[in-house]
Amino acid sequence: MSILVNKDTRVVFQGITGAFGSQHARACIEYGTKVVAGVTPGRGGQRFEDKVPIYDTVAQAVKAEGADVSCIFVPPPGAADAIAEAADAGCRLVICITEGVPVLDMVKIRRSLEGKATTLIGPNCPGVITPGECKIGIMPGHIHKKGHIGVVSRSGTLTYEAVGQLSALGIGQSTCVGIGGDPVAGMDFIDVLKLYNADPDTHGIILIGEIGGSAEQRAAAWIKENMKKPVAGFIAGRTAPPGKRMGHAGAIIAGGQGTAAEKIAALEDAGVLVSPSPAEMGVTLQKAMAAKA
Amino acid sequence: MPWKALDCDSVPASLMKIHEYQGKQIFARYGVPVPKGEAAFNVSEVGPIAERLIAETGNPVVVVKAQVHAGGRGKGGGVKVAKGGAAEATSLAEKILGMQLVTPQTGPGGQKVRRLYIEQGLDIARELYLALLVDRDRRQIAVIASTAGGMDIEEVAHETPEKIIRIHIDPVLGLAGYQVRQLAFALGFGGKEQLKKFSALMTSLYAAFTGEDCSLLEINPLIETKSGDIVALDAKINFDDNASFRHPGWEELQDPDEEDPVELEARKAGLSYVSLEGDIGCLVNGAGLAMATMDIILHSGGRPANFLDVGGGATKEQVSKAFRMILSSNEVKGIFVNIFGGIMRCDVVAEGIIAATKELGLKVPLVVRLEGTNVELGRKLLDESGLAIQSASSMGDGAQKIVAATRAAKA
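Residues numbered from 1 in each chain as written. Chains lettered and ligands numbered in written order. Predicted model: local features only at pLDDT ≥ 70, side-chain atom pairs only at ≥ 80, totals over all residues. Heavy atoms only, no water.

Participant: Explain the packing of aromatic side chains to me, and be specific about the residues and the numbers.
Facilitator: Throughout the structure, instances matching the rule amount to six aromatic pairs over all chains. Residues A:Phe20 and A:Phe73 carry aromatic rings whose centres are separated by 5.5 Å and whose planes lie at 80° to one another, so their mutual orientation is edge-to-face. Placement of the pair is A:Phe20 in helix α1 (residues 19-31) and A:Phe73 in the loop between β5 (69-72) and α3 (76-88), with a sequence separation of 53 residues. What makes A:Phe73 buried here is its relative accessible area of 8%. One aromatic cluster in this structure is built from A:Phe13, A:Phe20 and A:Phe73. The ring of B:Phe189 is capped by B:Arg126, whose NZ or CZ atom sits 4.9 Å from the centre of that ring. (Phe/Tyr/Trp six-rings, centres within 6.5 Å; stacked < 30°, edge-to-face > 60°. Helix = DSSP H or I, 4+ residues; strand = E, 2+ residues; numbered from the N terminus. Buried < 20%, exposed > 50% of the residue type's maximum accessible area, 1.4 Å probe, protein only. Lys NZ or Arg CZ within 6 Å of the ring centre and 35° of its normal.)

Set out below in structure tokens:
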């Protein structure tokens, strides 16, 4: 088992003919992901790389190919609309890779998804991978290894870093989820942690957070009350100066709030073993597993 | 912006800031009442503006306000009231324009005042606080209001939390009539006339917030005049720069004098750069890894000179530009390149580094850690370049190597 995606997942790529979308659709297909359809309005009837059928709308792709998950590479002006289209077409999971979606667009999208069966991940995220089965997003597939550790993160490259360390130690991953760095987005840490907690195939978790906001503190409170499995953590931005935005729209220490120290304290209080350095995430997970064994 | 004490977890999604006078021009466009005023860029403009305002309003009092992006201008001496007409306004302007204004938000060096706003004086009956922002926890626009205006709102929230009113806006309904009434009564606008005025103001503010893609809109103070008018005496607006594609006018509102020139240059090149105080330059892909790289340098005993995220899909030219920016800093005594390529291809990074060093030479130690997409090709390019590069097997290894090499180079 795994969470969110597996070998039976049927994916439609929205924006499959764009430079970015096509490059990553190709990499996902090479990895073995069942990319069953692409959507580019006005290019319905064509094929992507002579193989994957392209449709004008997501609804057509869902109906004809049984796609259940959408992966979005549509540029920011159309990204929110693309999410709404995928949800309306009945996709159970929508993964929006697009970076730079206006926050007020996301406020409306979140509201519109209430009461719907669709789960959103992102925007501004690397995507989701269940190693050996299904890769949806922009992460390098070859660094992953099939196994039993869940990795959930607000940062893309830092997720790769954690995965690389785990694989080098011979520790595989069940499913890795990049939830993205935007202030208003889809799944948050707690949503993903709940799935890991219920997944018999996930035996331990690495949670990677960063400065800004309070998602990590809320996750810590949830872990303290509910988590049955060992959790290792890392928070990026210990050395970030207040008031400076660090790349991600959400990564800023404001008024002395949202600091790494605050988040680390909350996680430690919840029993999470926090890695002192980003180079020791894998080893810290190992220690957390050993301590709970 | 510290909203935590307000029980509202929201930092502005971005930090594109504009001046007060620009904010008031936007307010006026949306029908939010603001005092009459005009911007001045040199002292000779101030007298005529003051004369015009005095003639138009019949009030001999005008206010001279420094225009810098930092808050707390009054405390630093950047806001002065002239009761003696155009001559006094001019002499106040002489003192303020060009001064190095130090406020709690500027840092000890202060910010040079290059623009002024000359505004009509108003008879203030009471001062209120009003702000709209995106609450990231609730994923909604929130209104924060208080009868304790003109003060530090954090302090108010801390000491008299009962004086803070919060409303969350359902994006489907927009700002609802009942919510406006709740706010009005809580702020003490009871009469029919005042209710009408306040409703119009709130409706205009909400339209401005959504129409202009604001991440923060703050009025401190919002005032009630002695004649019962409700006026925005201040205007602080931040935009969500993700929405810049639908606001071509924002470019004109930017003031490059208010920004770090290096950070501005980086942004123009599509790079995310923040200057820091240390001596080890960093070039990294991804915001999280870039922050973590700063952390690990410090953890290993060094000090990072910058945060630099070249982003996911950077071109060879962007990487080269980034590397040149680091190379041209006099503070940098060593460079650490830390790349975990997902979208970013390691060969593109290698080509960018080689191009930049060919142009500027490499006089400081360089440690490169490459991992991920096309890593073999990237390493091969660097090996064949003949550059004095130490390669690192991991992030931890790289951090230790660059800290040691920088120390040795300085010794």
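Okay, back to it.
Participant: Break down the interface of chain B and chain A for me, citing the residues and quoting the values.
Facilitator: Listed by partner, the interface residues are 54 residues for chain B and 67 residues for chain A. For the chain B and chain A pair, buried surface summed over both sides reaches about 4600 Å², with 64% attributable to carbon and sulfur atoms. On the chain B side of the contact with chain A, B:Arg136, B:Arg139 and B:Phe340 bury the most area, a combined 16% of that side's loss. Between A:Arg111 and B:Asp170 there is a salt bridge, with the nearest N and O atoms lying 2.8 Å from each other. Counting every contact that joins chain B to chain A gives eleven residue pairs in polar contact (both at pLDDT 80 or more). Going through the elements one at a time, β9 (140-146), α6 (192-211), β14 (272-275), α9 (287-299), β17 (334-341), β18 (366-372) and α13 (395-410) of chain B are the ones with two or more residues in the side of chain B that touches chain A. In the side of chain B that touches chain A, the residues fall into 27 nonpolar, 14 polar and 13 charged. (Contact = heavy atoms within 4.5 Å. Buried area = accessible area lost by both parts, 1.4 Å probe. Salt bridge = Lys/Arg side-chain N within 4 Å of Asp/Glu carboxyl O. Polar contact = N/O pair within 3.5 Å; in protein donor to acceptor, adjacent residues only side chain to side chain. Nonpolar A, V, L, I, M, F, W, Y, C, P; charged D, E, K, R; others polar.)

Participant: Describe the sheet that holds strand β9 (residues 134-137) of chain A, naming the residues involved and giving the relevant values.
Facilitator: Residues and elements named next belong to chain A. Pairing is mixed in the open sheet, where seven strands are placed in the order β9-β8-β11-β10-β12-β13-β14. Each of the sheet's edge strands pairs with one partner strand only, and the pair in question is β9 and β14 (273-274). Bridge count for strand β12 (residues 204-210) against strand β13 (residues 231-236) is six bridges, and the pairing is parallel. From the neighbouring strand, isoleucine 206 faces β13, where its bridge partner is alanine 232. (Pairing = 2+ DSSP bridges.)

Participant: Account for the pairing of strand β15 (residues 280-284) of chain B, with residues named and values stated.
Facilitator: Residues and elements named next belong to chain B. By the criterion of burial, β15 is predominantly enclosed, with five of the five residues buried. Along β15, one buried face is formed by Ile280, Cys282 and Val284 and the opposite face, lined by Gly281 and Leu283, is buried too. Looking at chain direction, β15 and β17 are connected through five bridges and run parallel. Bridged to valine 284 within β17 is asparagine 338.

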